[in-house]
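Below are the chains, spelled out letter by letter.
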Amino acid sequence: MRRIVVIGGVMVLGGCVAPSGPPPVAASPVVAVPIARPPVPVVPAVFRMTGVPMQGGLVRGQAPAGAVSVMLYDKPVPVAGDGRFIVGFDRDASVAARLVATLADGRTVTQVLTVAPRAWRIERVDAPYRAGKSDAEFDAARPAELAQIVAARARVTDAAGWQQPMRWPATGRQSGWFGAQRVYQGKPGSYHGGADVAVPTGTPVVAPADGVVILAADRPFTLEGNLLMIDHGMGLNSAMLHLSRIDVHVGDHVRQGQPVGLSGATGRATGPHLHWGLQWRGAKLDPLLVVGAGPAG
């Protein structure tokens, strides 16, 4: 039998030494606890733009993903289902333009566009300001004509021509420039709201892009003469003035390059030519900027 001896609180048994107190406790393993960090905010993409913002110009854009609305100059911009849109800048547009998209979660994306200013020419026209009509005659006829034009531009159609590169509705020498200040026999008038193409009476006029006819005058207007207007969608529309004949009707769908009438000199015109005007939601545009080349063939 082995002898048990207690020495200094330590029990010795058969050469083995064991502490008399409770057994040691094993150390707990070290577990790494991740540090909580705030979530990184997702910054929405900016607008993607094609073209240079310029007075009288048209720019194509792509809204940020998730955009539910777009505004320019605090006015709504129509946006296609895939986020594409167009915006136009009036002849007298301010230099800075704010483009704002509102996302589905309420956040907004803002992009400030710098609109390039332009210098405008002075054109002296040897024709009466009211085309031979007295003030009383002009004032009596004009309100009804303007009402038809306003109503036509308010129409919303399914036209998709805004997606196409536009073409000139007639080929010839450019004889009048957008934005020029007109002076009629020494009397200042409004600036020229379109581009003129000098062509003989009876020259075919074609649709500059796909669209829907929104006005086809049944009699000459005092200034525009036989007036034809085509909606190209997304707020973009064309006006062809001074026609000798109109060959389409309101509501007709027309294709780019389709003949729609004949040039002439009706209304206030010093000679046969085609006046082509372009507007985007009330902003008058320069056809030369939109097409990118002159009307000469």
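Residues numbered from 1 in each chain as written. Predicted model: local features only at pLDDT ≥ 70, side-chain atom pairs only at ≥ 80, totals over all residues. Heavy atoms only, no water.

### Considerations on the sheet that holds strand 22 (residues 259–262)
Threshold: Pairing between two strands is assigned when DSSP locates at least 2 bridges connecting them. Secondary structure elements follow DSSP: runs of H or I of four or more residues count as helices, runs of E of two or more count as strands, with numbering from the N terminus.
Read across the sheet, three strands follow the order 16-22-20 without closing on themselves; strand pairing throughout is antiparallel. Each of the sheet's edge strands pairs with one partner strand only, and the pair in question is strand 16 (204–206) and strand 20 (245–246). The pairing of strand 16 with strand 22 spans three bridges and is antiparallel. Bridged to Pro-204 within strand 22 is Leu-262.

### Comments concerning the pattern of salt bridges
A side chain of one charge can pair with a side chain of the opposite charge if their charged atoms are brought near each other. Rules: Here a salt bridge means any side-chain nitrogen of Lys or Arg lying within 4 Å of a carboxyl oxygen belonging to Asp or Glu. Accessibility here uses a 1.4 Å probe with only protein chains present; expressed as a share of the type maximum, an area under 20% marks a residue as buried, one over 50% as exposed, and anything in between as partly exposed.
The tally for this structure, following the rule as stated, stands at 10 salt bridges. The shortest N-O distance in the salt bridge between Arg-91 and Asp-92 comes to 3.1 Å. Classification of Arg-91 as buried rests on a relative accessible area of 10%. On the accessibility criterion, Asp-92 (48% relative accessible area) is partly exposed. A salt bridge links Asp-210 to Arg-255, with the shortest nitrogen-to-oxygen separation between them at 3.3 Å. With Asp-210 in the loop between strand 16 and strand 17 (211–216) and Arg-255 in the loop between strand 21 (253–254) and strand 22, this residue pair connects regions lying 45 residues apart in the sequence. Classification of Asp-210 as buried rests on a relative accessible area of 12%. Where salt bridges share partners, they join Arg-142, Glu-145 and Glu-224 into one cluster.

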